[in-house]
Amino acid sequence: MRIFPFVLIFVALFIDACASRADSPYGACAASAACSEASPRCVSFRNRITMQNAPLCTVACMTSTDCPDRGVCVPTETPTLGSLCMQRCTVAAECRFNQAFCVVVREGESACVP
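Here we summarise the structure given alongside this text.

Rules used in this analysis
- Residues numbered from 1 in each chain as written.
- Predicted model: local features only at pLDDT ≥ 70, side-chain atom pairs only at ≥ 80, totals over all residues.
- Heavy atoms only, no water.
- Disulfide = S-S within 2.5 Å.
- Helix = DSSP H or I, 4+ residues; strand = E, 2+ residues; numbered from the N terminus.
- Buried < 20%, exposed > 50% of the residue type's maximum accessible area, 1.4 Å probe, protein only.
- Salt bridge = Lys/Arg side-chain N within 4 Å of Asp/Glu carboxyl O.

Quick look at the state of the cysteines
A disulfide bridge is the covalent bond that connects two cysteines by way of their sulfur atoms. One pass over the structure, following the stated rule, counts six disulfides. Linked covalently through their sulfurs, Cys89 and Cys102 form a disulfide whose S-S length is 2.1 Å. Every disulfide takes its handedness from the sign of the S-S torsion; for Cys89 and Cys102 that torsion is 105°, giving right-handed. Of this pair, Cys89 sits in the loop between strand S4 (83-86) and strand S5 (101-106) while Cys102 is found in strand S5, placing the two residues 13 residues apart along the sequence. Given a relative accessible area of 23%, Cys102 falls into the partly exposed group. The cystine pairing of the protein, numbering bonded cysteines in sequence order, is 1-3, 2-4, 5-7, 6-8, 9-11, 10-12.

Right, here's the structure in full:
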């Protein structure tokens, strides 16, 4: 009978750990474990104007067709990162993280950037 409470706590901890993973790509993150399977990598971006760091969930890409949820493939200034998928937008209010800017990243494509 003493094993039952332990099992119940273990199951509750397991469910809580699973619940922390995001359902949709391109959100803010503290670690890759919090990102969705579609964008499993937590990358910290730094806005050179606001000097704020913004860790976001993303995935590497070659073109926008590689990006989940109609994302946009954006080249970074860091060669080791290459191009990364960012959330597509028409206005900043659509972005899934605070203090986002919706900017044109190439002709006809705008993305949420920190």
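Section: the pattern of salt bridges
According to the stated counting rule, one finds three salt bridges in the structure shown. The salt bridge involving Arg88 is made with Glu109; its shortest N-O contact spans 3.3 Å. In this pair, Arg88 sits in the loop between S4 and S5 while Glu109 sits in strand S6 (residues 109-113), placing the two residues 21 residues apart along the sequence. For Glu109, a relative accessible area of 14% gives the class buried. Residues participating in the shared-partner salt-bridge network are Arg88, Arg106 and Glu109.

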